[in-house]
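As a plain string of letters, each chain reads:
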There are 2 protein chains.
Amino acid sequence: MSEPRACSVARTLDVVGERWSLLVLREVFLGVRRFDLIHKHTGAPRAVLTERLRRLVDAGVLRRGEYREEGRRPRHEYELTEAGRELRPVLTALMQWGDRYLAGPEGPPLQLRHTDCGAPVRTALICEDGHQLPDSGEGLRAVPRHLASREAGDGSAPRGAE
Amino acid sequence: MSEPRACSVARTLDVVGERWSLLVLREVFLGVRRFDLIHKHTGAPRAVLTERLRRLVDAGVLRRGEYREEGRRPRHEYELTEAGRELRPVLTALMQWGDRYLAGPEGPPLQLRHTDCGAPVRTALICEDGHQLPDSGEGLRAVPRHLASREAGDGSAPRGAE
DNA sequence: CAGTATCCCAAGCGATACTG
DNA sequence: CAGTATCGCTTGGGATACTG
């Protein structure tokens, strides 16, 4: 019955493939770590937010921390695990596309800068030999695993771009 | 009442923020352009697939083509527009994360290669001065637009990573 | 092929209210 | 604060069947 393609994209989407999950991560990347603030900044319904946070914690993307300041009630916060931090390119790629195709006349609401040099940062496709590819993915080719050991130039493999 | 944050991530998710939208795009990037095959490879319900294709066309990400081979019934196909092709980094970033954190023991189902040199391709964060940042986004800082003209080093701006 | 139509159930949304 | 609970409504999901 030709079940759906086995694919890392689909598996990743099982974890972060819903609107609120990604927006929650955006907030955490921006330094917002607490329930109420995430709720306010994303607009996610509280019940759904609870659900999503639980899922992200279960998936190992977020960790639930608890801390108490002197004499205060204990508080919770959500922080990124290493796996969570590695989702950064997903967020920057989404943001970059929105900046380019959906920004209003005032331009992008947020800019990413390299702390060291202050220059704008963007997502790029690079190959291990150091070549940079265009964002459109021209020159990119997808090879099924069982053929992956072959060298370049096999015209019968599915191509990544026309 | 503190409406949700204005953000390009959210705007992009209005277009491609649902599971099936991204999986449709994965297929088109892999060269699958027809309704039934996309249906089979993604597993999306036909009605939902119709809906998503319409939305992607409306958003200018896909274009609906029609062509007829000699003496055959006309066929439809979906192809990427320029805006659609520019979503490639989003897909590669999702795939890359899944390859790393969710691949089974057999490894990633699909590998991306540079056509010219055969080397594996990946998503990276780079700054305009040519520095490459770690995927975790360390050294990355998000600056609100109204402050974006300032130079680096303003500690009061929200930081991109702890 | 490329969709529409239908059915039924699960999940999401938005608002609001309550609890430790 | 950080959630749970509840409610009414809309949308999505999966299956299956039909049409030009």
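Placed above this text is the structure.
Residues numbered from 1 in each chain as written. Chains lettered and ligands numbered in written order. Predicted model: local features only at pLDDT ≥ 70, side-chain atom pairs only at ≥ 80, totals over all residues. Heavy atoms only, no water.

Let's talk about the packing of helix α6 (residues 88-101) of chain A against helix α6 (residues 88-101) of chain B
Each pair of packed helices gets described by two things: the angle between the helix axes and the distance between those axes. Put simply, the rule is: Working convention: axes come from line fits to C-alpha atoms, limited for helices to the stretch in contact. Angles between N-to-C directions cover 0 to 180 degrees. The way it works is that DSSP assigns letters per residue, a run of H or I at least four long becomes a helix, a run of E at least two long becomes a strand, and they are numbered from the N terminus. Convention used here: angles under 35 degrees read as roughly parallel, angles over 145 as roughly antiparallel, angles from 65 to 115 as roughly perpendicular, and any remaining angle as oblique. Each crossing gets its hand from how the near helix is turned against the far one by less than a right angle, where anticlockwise is left-handed and clockwise is right-handed. The contact rule is simple, with two residues in contact once any of their heavy atoms fall within 4.5 Å. Following the grouping adopted for this structure description, the nonpolar residues are Ala, Val, Leu, Ile, Met, Phe, Trp, Tyr, Cys and Pro, the charged ones are Asp, Glu, Lys and Arg, and the polar ones are all others, Gly among them.
Across the interface, α6 of chain A lies against α6 of chain B with an axial gap of 8 Å and an inter-helix angle of 170 degrees. Here α6 of chain A is positioned roughly antiparallel relative to α6 of chain B, judged by the angle of their axes. Of the two elements, α6 of chain A crosses α6 of chain B, and the hand of that crossing is left-handed. Residue-level contacts link P89, V90, A93 and L94 of chain A of α6 of chain A to P89, V90, A93 and L94 of chain B of α6 of chain B. Tallied by class, residues from the contact of α6 of chain A with α6 of chain B come to 8 nonpolar, no polar and no charged.

Describing the environment of H146 of chain B
Residues and elements named next belong to chain B. Note the following rule: Partly exposed describes any residue whose relative accessible area lies between the buried limit of under 20% and the exposed limit of over 50%, with all areas from a 1.4 Å probe on protein chains only and scaled to the type maximum.
Tracing the sequence through the fold places H146 in the segment after β6 (140-144). When its relative accessible area of 66% is taken as the criterion, H146 is described as exposed. Measuring from C-alpha to C-alpha, the distance between H146 and D58 comes to 31 Å, with 88 residues separating the pair along the chain.

Points about the pattern of salt bridges
Definition in use: Each reported salt bridge corresponds to a side-chain nitrogen of Lys or Arg within 4 Å of a carboxyl oxygen of Asp or Glu.
Inspection of every chain in the model, using the stated rule, returns 24 salt bridges over all chains. Here E18 of chain B ties to R52 of chain B by a salt bridge, and the two come within 3.2 Å at their closest N and O atoms. Taken together, the positions of E18 of chain B in the loop between α1 (8-16) and α2 (19-29) and R52 of chain B in helix α4 (residues 46-58) put the pair 34 residues apart, joining distant regions of the chain. According to the relative accessible area criterion, R52 of chain B is buried, its value standing at 12%. The salt bridge partner of R26 of chain B is E27 of chain B, with a shortest N-O separation of 2.9 Å. For the pair shown, R26 of chain B and E27 of chain B are each scored as buried. When salt bridges that share partners are traced, they join E18, E51, R52 and R55 of chain A into one network.

Geometry only, nothing functional implied.
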